[in-house]
Amino acid sequence: MEGGDSSGAGGAVAAAAKWRSDASRAFQYYLDRSTPHATGRWLGTLAAAAIYALRVYMVQGFYIVTYGLGIYLLNLLIGFLSPMVDPELDPSAAAEGPALPTRGSDEFKPFIRRLAEFKFWYAITKAFVIAFVMTFFSVFDVPVFWPILLCYWVVLFVLTMKRQIVHMIKYKYVPFSIGKQKYGGKKGVASTSSSKD
């Protein structure tokens, strides 16, 4: 009789493991399908951020959770804006691997981020979801004077961004593709030939 109980428990564990595996596979499938849709992904993250902000505003609390979220997001932003190989920290690794050009005569090498856009988006979205769930547990609602936290975060943000911008200027890199030349391909050729007629 005891053997029947243990086999029933083993069957339940196996069923739970199978369900978890199936759920994980389905989640990964939809995550992979979302990869090329950057605008939709970021709009979803913006919606999650708005829902979180509305929740914090409605309950008038959880400011320490929001402060921790802000510090984490700042850390992710620095990783997103930083090159994979930082020439300031390891000049020997910069010489061996992909490096940023430091002179006009240097060969162009593409900017490779320390934190890729997809991982950046995924970490931000996950952080907002976790912070939202934390707002349902009163143990995380530590009473603090939120204007002090806000001022401290703004000062921290300004100092960190100033340091990052100085680093970008010093090593002459731009982590964004905005304003870079884009080529139109054959579309421009067809329009010029039709305008000659």
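Residues numbered from 1 in each chain as written. Predicted model: local features only at pLDDT ≥ 70, side-chain atom pairs only at ≥ 80, totals over all residues. Heavy atoms only, no water.

An unreviewed UniProt entry lists the protein under the name Protein RER1, with Miscanthus lutarioriparius given as the organism. The UniProt entry for the protein carries the following comment under Function (unreviewed entry): "Involved in the retrieval of endoplasmic reticulum membrane proteins from the early Golgi compartment." Quoted verbatim from the Sequence similarities (unreviewed entry) field of UniProt, the annotation for the protein is "Belongs to the RER1 family." (UniProt positions renumbered as here; feature names shortened; annotations may be inferred.)

(A) Fine view of the packing of helix H3 (residues 63–81) against helix H6 (residues 146–171). One way to put it is that H3 packs onto H6 with a least axis distance of 10 Å and a crossing angle of 5°. On the basis of the axis angle, H3 is roughly parallel to H6. The segment H3 lies against H6, with Tyr-63, Ile-64, Tyr-67, Gly-70, Ile-71, Leu-74, Leu-77, Ile-78 and Leu-81 engaging Trp-146, Leu-149, Tyr-152, Trp-153, Leu-156, Phe-157, Thr-160, Met-161, Gln-164 and Met-168. Of the residues assigned to the contact of H3 with H6, the class counts are 16 nonpolar, three polar and no charged. (Axes fitted to C-alpha atoms, helices over the stretch in contact; angles between N-to-C directions. Helix = DSSP H or I, 4+ residues; strand = E, 2+ residues; numbered from the N terminus. Parallel < 35°, antiparallel > 145°, perpendicular 65-115°, else oblique. Contact = heavy atoms within 4.5 Å. Nonpolar A, V, L, I, M, F, W, Y, C, P; charged D, E, K, R; others polar.)

(B) The arrangement of H3 in detail. Between the first and last C-alpha of H3 there are 27 Å, a value that for 19 residues agrees with the 27 Å anticipated at 1.5 Å per step. Buried residues in H3 make contact with helix H2 (38–59), helix H5 (117–134) and H6. (Expected span 1.5 Å × (residues − 1).)

(C) Local environment of the UniProt feature "transmembrane region" (unreviewed entry) in the protein. Per the UniProt entry, the sites bearing "transmembrane region" (unreviewed entry) are residues 64–82, 120–138 and 144–161 in this numbering. Annotation note: span residues 120–138, helix share 79%, strand share 0%, distance between end C-alpha atoms 29 Å.

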